[in-house]
Amino acid sequence: MTSVSPAPTTMLVPDFPFSYDGWLRHPAGLGVLPPGRAGTPVAVVGGGMAGLTAAYELMRLGLRPVLYEAEQLGGRMRSVPFPGAPGCVAEMGAMRFPLSARSLFHYVGLLGLRTSAFPNPLAPSTPSTLVDLGGERHTARTVEELPEVYQEVAAAWEKALQERAELATMRDAVRRRDVETLKQIWNRLVREFDDQSFYGFLATSSAFRSFRHREVFGQVGFGTGGWDTDFPNSFLEILRVVYTEADDNQVAIVGGSQQVPRGLWEHPAQGCAHWPAGTSLASLHDGRPRPSVRAVAREGDGFLVTDADGRRDRFAAVVYTPHVWTLLNRVACDPALLSAPLWTAVERTHYMGASKLFVLTDRPFWRDTDPRTGRPVMSMTLTDRMPRGVYLFDDGADGPGVMCLSYTWNDDSLKLATLSPAERLDVLLDRVGAIHPGVDIRSHVVGDPVTITWESEPHFMGAFKSNLPGQYRYQRRLFTQFMQRGLPDAERGFFLCGDDVSWTAGFAEGAVTTALNAVWGVLDHLGGATHPDNPGPGDLFDALAPLELPYDG
């Protein structure tokens with residue numbers, strides 16, 4: 001008897017379970033423009049993953065995307081190379097990608113990029129993990145090698161999810177793309193947990209009656225590490241990640257994640273309508289995007305976009321991909337472009353802060369064996385102290401190494417925000433050195449550190465959106481903004497997308513899928529249509545629409 005392998009998990013988000021990866025790979029393509037619309041200019045604001053996805057697919061439809069970027073192509077997929085070390089990069093933003101991100105990996109595959117296992121704590125590919133909590137240190141390869149309290153916490157998390165959130169049923173429905181089951185269960189959970197924080201869920205679960213268990217879970221967690229910085233956020237945010245296995249089976253992109261958006265910029269597209277074979281976004285822009293946008297205004301049935309050089313151009317539609325807070329302070333936006341409820345949703349958007357510090361090392365010294373223990377002298381580290389997470393990267397013992405000496409969130413990020421790069425490095429080397437006594441980390445550091453604090457980046461003001469309890473209604477407004485049929489003319493043709501518009505902020509998949517929503521929106525706005533055998537997200541919206549919670553009562 002032949003066994004059938006289970007279907008792979010995808011980031012099929014239960015709020016709107018549209019199969020974007022299927023839409024992308026269908027031979028019919030994403031749609032067709034009406035006669036006379038080929039070559040129509042469409043402004044795409046922002047050159048991150050959402051902006052490049054939208055611009056690439058609009059180009060393939062036969063439109064002329066005009067890309068604006070304030071800094072550098074890539075957005076939060078920012079890979080900073082170390083001087084004198086080809087191939088060694090510091091991933092300042094996105095650095096680990098779940099294999100369930102099928103739409104993102106459509107483009108990774110298109111560009112022929114390679115991946116490698118990411119060294120998450122206790123992952124099979126991670127040689128060892130050191131957990132440092134309350135002054136006690138434990139080194140392990142798997143969670144089973146840690147003290148009993150960690151097994152208890154892992155079991156408690158699984159028990160809470162199975163009993164209160166139907167984990168097994170939902171994961172099975174995601175794998176089978178069983179929309180009916182997903183919607184039935186998820187809509188009930190939205191009503192139940194919209195007002196519940198992540199910590200509130202744990203504290204009201206019988207499995208987590210012990211504060212110690214909640215503390216350990218917050219510091220260590222499972223998958224990518226500690227979850228306590230998410231404790232104030234809506235529990236719905238966590239469930240989406242868990243159901244779609246976005247926190248498991250993660251890989252790095254060899255050579256840096258910024259290759260994906262930059263690759264789409266350079267890629268000679270095949271099968272374009274209107275444009276000659278081999279046309280790329282770079283060739284349409286003479287090699288460089290336009291500078292940052294200063295203003296967007298309605299002009300007749302189109303839009304007038306003013307850039308930082310004072311140039312003003314007219315467009316039939318605008319796709320806006322940066323953090324939505326930039327509409328409040330960086331871009332003079334005609335208030336009529338969004339409804340009053342949407343402006344409220346923009347104002348209420350909540351961002352997570354995050355800081356990182358990377359250094360280059362002369363070699364991956366952490367591979368050396370400690371003669372006393374037989375283990376590596378240094379491990380991937382989770383700690384409740386200032387560094388929080390320490391990650392180790394190398395391509396073998398013969399080359400240099402890269403250390404992420406600290407990866408922190410929210411309050412932990414703010415502890416570093418006022419320090420200079422040199423001060424950060426000095427403090428963190430002291431703290432990590434105390435956790436790994438006897439290892440002379442300083443002697444292996446080469447050159448200056450590479451650092452970032454996303455909440456102080458002027459065009460970002462945070463790492464990514466993460467809803468607080470009670471913000472589901474705001475998120476629904478932002479996500480569904482691409483559906484513009486029947487809206488007043490003043491509110492049509494301006495499309496929000498990007499990962500903070502998505503249901504899975506913080507993941508590049510959300511940037512890709514909301515960009516595809518905007519592509520469908522532009523196509524529909526200009527009178528185009530999808531192929532009947534390959535309906536797009538707007539065509540199936542009524543069947544898949546996110547639950548609408550009551551506003552009054």
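Remember, predicted model here, so these are calculated numbers, not experimental data.

Trainee: An account of helix 5 (residues 167-176) is requested, with residue identities and associated values reported.
Mentor: Every buried residue of helix 5 is listed here: Leu-167, Met-170, Arg-171, Ala-173 and Val-174. Along the axis of helix 5, the buried residues cluster in a sector spanning 160 degrees; they form a single face. For helix 5, the elements touching its buried residues are helix 4 (148-165), helix 6 (179-193) and helix 9 (235-243). Within two residues after helix 5, Arg-177 carries a phi angle of roughly 55 degrees, on the positive side.

Trainee: Give me the pattern of salt bridges: which residues, what numbers.
Mentor: Proximity of charged atoms lets side chains of opposite charge pair with each other. Tallying each qualifying case throughout the model produces 32 salt bridges. Here Asp-248 makes a salt bridge to Arg-171, at a shortest N to O gap of 3.8 Å. Within this pair, whereas Asp-248 is found in the loop between helix 9 and strand 9 (250-253), its partner Arg-171 is found in helix 5, the two being separated by 77 residues in sequence. Here Asp-248 falls in the partly exposed class, since its relative accessible area comes to 30%. One continuous salt-bridge network, built from bridges that share partners, spans Asp-15, Glu-237, Arg-240 and Lys-465.

Trainee: With reference to specific residues and values, describe the layout of surface pockets.
Mentor: The probe, sized like a water molecule, is rolled over the atoms to show the empty space still left. Estimates place the volume of the second largest pocket at around 830 Å³. Along the walls of the second largest pocket sit 35 residues, with Ser-116, Leu-392, Phe-393, Asp-394 and Asp-395 positioned nearest its centre. Looking at the lining of the second largest pocket, the elements with two or more residues in it are strand 4 (89-91), strand 6 (115-117), strand 9, strand 18 (389-394) and strand 19 (401-409). Among the elements that make up the lining of the second largest pocket, the one with the highest residue count is strand 18 (three residues). In terms of residue class, the lining of the second largest pocket is made up of 20 nonpolar, ten polar and five charged.

Trainee: Pulling in residues and values, what's your account of empty space enclosed by the protein?
Mentor: According to the stated counting rule, one finds five cavities of 30 Å³ or more in the structure shown. By volume, the largest cavity is sized at about 180 Å³. In this structure, the largest cavity is lined by 20 residues; those nearest its centre are Met-11, Val-13, Phe-18, Tyr-20 and Thr-513. Contributions of two or more residues to the lining of the largest cavity are made by helix 1 (20-25), helix 3 (102-110) and helix 17 (508-525). Sorting elements by how many residues they give to the lining of the largest cavity places helix 17 first, with four residues. Residues belonging to the lining of the largest cavity are distributed by class as follows: eight nonpolar, nine polar and three charged.

Trainee: Let's hear about the side chain of Asp-194: which residues, and what values?
Mentor: With respect to the helices and strands, Asp-194 occurs in the loop between helix 6 and helix 7 (198-203). There is a polar contact of 3.4 Å between the side chain of Asp-194 and the backbone nitrogen of Tyr-472. Side chain to side chain, Asp-194 and Arg-473 meet in a polar contact 3.3 Å long. Here Asp-194 is in contact with Leu-189, Ser-234, Leu-236, Pro-469, Gly-470, Gln-471, Tyr-472, Arg-473 and Leu-549, once residues within four sequence places are set aside.

Trainee: Explain the environment of Leu-342 residue by residue, including any values.
Mentor: With respect to the element layout, Leu-342 can be found in helix 13 (residues 340-348). In sequence terms Leu-342 and Leu-478 are 136 residues apart; their C-alpha atoms lie 6.6 Å from each other. When neighbours within four sequence positions are excluded, Leu-342 is seen to be in contact with Arg-477, Leu-478 and Gln-481.

Trainee: Outline the packing of aromatic side chains, listing residues and values.
Mentor: Applying the stated rule across the entire model yields 35 aromatic pairs. Taken together through their ring pairs, the aromatic side chains of Phe-16, Phe-18, Tyr-20, Trp-23, Tyr-472, Phe-479, Phe-482, Trp-503, Trp-520 and Phe-541 make up a single cluster. Looking at Lys-356, its charged tip hangs above the ring of Tyr-407, at a distance of 4.5 Å from the centre.

Basis of the calculations
- Residues numbered from 1 in each chain as written.
- Predicted model: local features only at pLDDT ≥ 70, side-chain atom pairs only at ≥ 80, totals over all residues.
- Heavy atoms only, no water.
- Buried < 20%, exposed > 50% of the residue type's maximum accessible area, 1.4 Å probe, protein only.
- Helix = DSSP H or I, 4+ residues; strand = E, 2+ residues; numbered from the N terminus.
- Arc of directions from axis to C-beta.
- Contact = heavy atoms within 4.5 Å.
- Salt bridge = Lys/Arg side-chain N within 4 Å of Asp/Glu carboxyl O.
- 1 Å grid on protein atoms, 1.4 Å probe; cavity = no way out; pocket = protein on both sides within 12 Å on 5 of 7 lines; lining within 4 Å.
- Points joined across faces, edges and corners; volume = space filled by probe spheres on them.
- Nonpolar A, V, L, I, M, F, W, Y, C, P; charged D, E, K, R; others polar.
- Polar contact = N/O pair within 3.5 Å; in protein donor to acceptor, adjacent residues only side chain to side chain.
- Phe/Tyr/Trp six-rings, centres within 6.5 Å; stacked < 30°, edge-to-face > 60°.
- Lys NZ or Arg CZ within 6 Å of the ring centre and 35° of its normal.

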